[in-house]
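# An overview of the molecular structure
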Amino acid sequence: AQRVTQPEKLLSVFKGAPVELKCNYSYSGSPELFWYVQYSRQRLQLLLRHISRESIKGFTADLNKGETSFHLKKPFAQEEDSAMYYCALRGRGGKLIFGQGTELSVKP
Amino acid sequence: GAGVSQSPSNKVTEKGKDVELRCDPISGHTALYWYRQSLGQGLEFLIYFQGNSAPDKSGLPSDRFSAERTGGSVSTLTIQRTQQEDSAVYLCASSLGQTGYEQYFGPGTRLTVT
């Protein structure tokens, strides 16, 4: 079965602290994984994808096939990072299979 | 340029009524997806269209849900005999193709069934 699990519904950190949003997946074959972000009152947008191996807004995510994980990390959280974060797996036909989402709250 | 647009932005309807939700994808995007965002279920896939191929309807929760895409552009999601559990935000996304391309999301339609 194709599935994405984000174990944390809410993650609260202080500004400047490191952040790690967890994501585990279930997929047979080579997965294509993404992190999407939804800021307050804005539409869902792509943050990064594993094939790009890029850093966006200071966030990185590494695909670990052994642990079937794709955790999102940032060394120093900023208040503007507060948002809803979704991990997603590309399924058949290109459709996205999303995790339940993690709300990140960065406190001053 | 113009992104994906959806209308209406909000819809309140009575239980048992039919509703139609509209999506205008980015011009030139051949793939169009519908998702539903609800408190209990998170973000779930409903249906997708790719060019002239038969749509993948595997995510539609019941036969009260249907969608069409006219002329390879605008899409309409129809919910018949709405139920309270249909209350959610319905999101549309489009992309240049099925795989390897970013999906761009619309602002969503918030449906409330009373």
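One structure accompanies this document, and this report is about it. (Residues numbered from 1 in each chain as written. Chains lettered and ligands numbered in written order. Predicted model: local features only at pLDDT ≥ 70, side-chain atom pairs only at ≥ 80, totals over all residues. Heavy atoms only, no water.)

### Comments concerning the environment of Gln50(B)
Residue and element names in this part refer to chain B. Structurally, the position occupied by Gln50 is in strand S5 (residues 42-50). Put simply, Gln50 and Thr78 are 28 residues apart on the chain and 19 Å apart in space, counted from C-alpha to C-alpha. In this structure, Gln50 is in contact with Thr30, Ala31, Gly97 and Gln98, ignoring residues within four places of it in sequence. (Helix = DSSP H or I, 4+ residues; strand = E, 2+ residues; numbered from the N terminus. Contact = heavy atoms within 4.5 Å.)

### Considering the sheet that holds strand S7 (residues 75-79) of chain B
Pairing between sheet strands relies on hydrogen bonds along the backbone, with the strands arranged either parallel or antiparallel. Residue and element names in this part refer to chain B. On the basis of which strands lie adjacent, the open sheet formed by four strands has the order S1-S3-S7-S6 and antiparallel pairing. Looking at strand neighbours, the two that pair on one side only are strand S1 (5-7) and strand S6 (65-69), the edges of this open sheet. Put simply, the sheet's adjacent strands are angled 15° from each other on average, direction ignored. In the sheet, strand S3 (residues 19-24) pairs with S7 via five bridges, with the strands oriented antiparallel. Looking across to S7, one finds that Leu21 is bridged to Leu77. (Pairing = 2+ DSSP bridges. Axes fitted to C-alpha atoms, helices over the stretch in contact; angles between N-to-C directions.)

### As for the interface of chain A and chain B
Taken together, the contacts link 16 residues of chain A with 23 residues of chain B. Carbon and sulfur atoms supply 46% of the area buried between chain A and chain B, which totals about 1,600 Å² over both sides. On the chain A side of the interface with chain B, the three residues burying the most area are Arg43(A), Gly93(A) and Lys95(A), jointly 31% of the side's total. On inspection of chain A and its partner chain B, the count reaches three salt bridges. (Buried area = accessible area lost by both parts, 1.4 Å probe. Salt bridge = Lys/Arg side-chain N within 4 Å of Asp/Glu carboxyl O.)

### Focus on the packing of aromatic side chains
Residues and elements named next belong to chain B. Considering all chains together, one arrives at 12 aromatic pairs over all chains under this definition. Both rings, one in Tyr35 and one in Phe45, keep their centres 6.1 Å apart while their planes meet at 70°; by these two values the pair is edge-to-face. Linking Tyr35 in strand S4 (residues 31-38) with Phe45 in strand S5, this pair joins segments that are 10 residues apart in sequence. There is no split in this pair, since Tyr35 and Phe45 are both buried. Consider the rings of Tyr35 and Phe105, whose centres lie 5.6 Å apart with planes at 40°: the pair is tilted. One end of the pair, Tyr35, is in strand S4; the other, Phe105, is in strand S9 (residues 104-105), and 70 residues separate them in sequence. Each member of the pair, Tyr35 as well as Phe105, is classed as buried. (Phe/Tyr/Trp six-rings, centres within 6.5 Å; stacked < 30°, edge-to-face > 60°. Buried < 20%, exposed > 50% of the residue type's maximum accessible area, 1.4 Å probe, protein only.)

### Focus on the environment of Gln37(B)
Relative to the helices and strands, Gln37(B) resides in strand S4. The class of Gln37(B) is buried, set by a relative accessible area of 15%. Setting aside its immediate chain neighbours within four residues, Gln37(B) contacts Gln38(A), Tyr86(A), Gly42(B), Leu43(B), Ala88(B), Val89(B) and Leu91(B). At 3.1 Å, the side chain of Gln37(B) forms a polar contact with the side chain of Gln38(A). Polar side-chain contacts of Gln37(B) include one of 2.9 Å to the side chain of Tyr86(A). (Polar contact = N/O pair within 3.5 Å; in protein donor to acceptor, adjacent residues only side chain to side chain.)

### Side note on the pairing of strand S2 (residues 10-14) of chain A
Residues and elements named next belong to chain A. Only one face of S2 is buried: it carries Leu11 and Val13, and the other face, with Leu10, Ser12 and Phe14, is open. The pairing of S2 with strand S11 (residues 102-107) spans five bridges and is parallel. Bridging across to S11, Phe14 finds its partner in Lys107.

Remember that the coordinates give geometry; whether it matters functionally is a separate question.
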